[in-house]
Amino acid sequence: MNMKFVFFLAAFSLSIVAQSQPQFSVLGGPPGGDIYQIRSNSLGELFAIAKTGVYKSTNGASSWEKLNTLPTSVSSSDLYIDKNDHIYLLTSNGIVKST
């Protein structure tokens, strides 16, 4: 086999592999440390559970608003958004649902 062809084939294969790999950018996250989960609704809004509470972003994670809907003594550990954009949180006091 011709060496030029082998070199071309290897370089072409590497370029395909490199293009198929996802590229990541660092975005700003909610304040307060660790982020446990992040989900999006049908409008593209992001919801995150962080160490300090539940947060919402409407601009692709550029900024975050804390949702002060839970007592400070209640912590959340899981987040689910249904097809109607209702948010369910698994908390230390049970499951709560947005209205």
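Data block above holds the structure.
Attention in this report is confined to the structure presented alongside it. (Residues numbered from 1 in each chain as written. Predicted model: local features only at pLDDT ≥ 70, side-chain atom pairs only at ≥ 80, totals over all residues. Heavy atoms only, no water.)

## Remarks on the pairing of strand β7 (residues 94-97)
In this sheet, β7 lies alongside strand β6 (residues 87-91) in antiparallel orientation, the contact comprising four bridges. If you follow Leu-89 over to β7, its bridge partner there is Val-96. Between β6 and β7, which pair antiparallel and follow one another directly, the connecting turn spans two residues. (Pairing = 2+ DSSP bridges. Helix = DSSP H or I, 4+ residues; strand = E, 2+ residues; numbered from the N terminus.)

## As for the pairing of strand β5 (residues 76-81)
Bridging between β5 and β6 involves five bridges; their strand directions are antiparallel. What sits directly across from Leu-79, in β6, is Leu-89. Between the antiparallel neighbours β5 and β6 lie five residues, among them Asp-85 with a positive phi of about 65°.

## A closer look at the environment of Val-96
As for its position among the elements, Val-96 is in strand β7. Classification of Val-96 by relative accessible area gives partly exposed; the value is 30%. A sequence separation of 17 residues divides Val-96 from Leu-79, and the C-alpha atoms of the two residues are 9.9 Å apart. (Buried < 20%, exposed > 50% of the residue type's maximum accessible area, 1.4 Å probe, protein only.)

## Some thoughts on the pattern of salt bridges
When the charged atoms of two side chains lie near each other, side chains of opposite charge can form a pair. Under the criterion given, the structure shown has one salt bridge. Glu-45 is the salt-bridge partner of Lys-56, the closest N and O atoms lying 3.5 Å from each other. Taken together, the residues span a long stretch of sequence, with Lys-56 in strand β3 (residues 53-57) and Glu-45 in the loop between β1 (35-40) and β2 (46-50) at a distance of 11 residues. On the accessibility criterion, Lys-56 (22% relative accessible area) is partly exposed. The buried category is assigned to Glu-45, whose relative accessible area is 16%. (Salt bridge = Lys/Arg side-chain N within 4 Å of Asp/Glu carboxyl O.)

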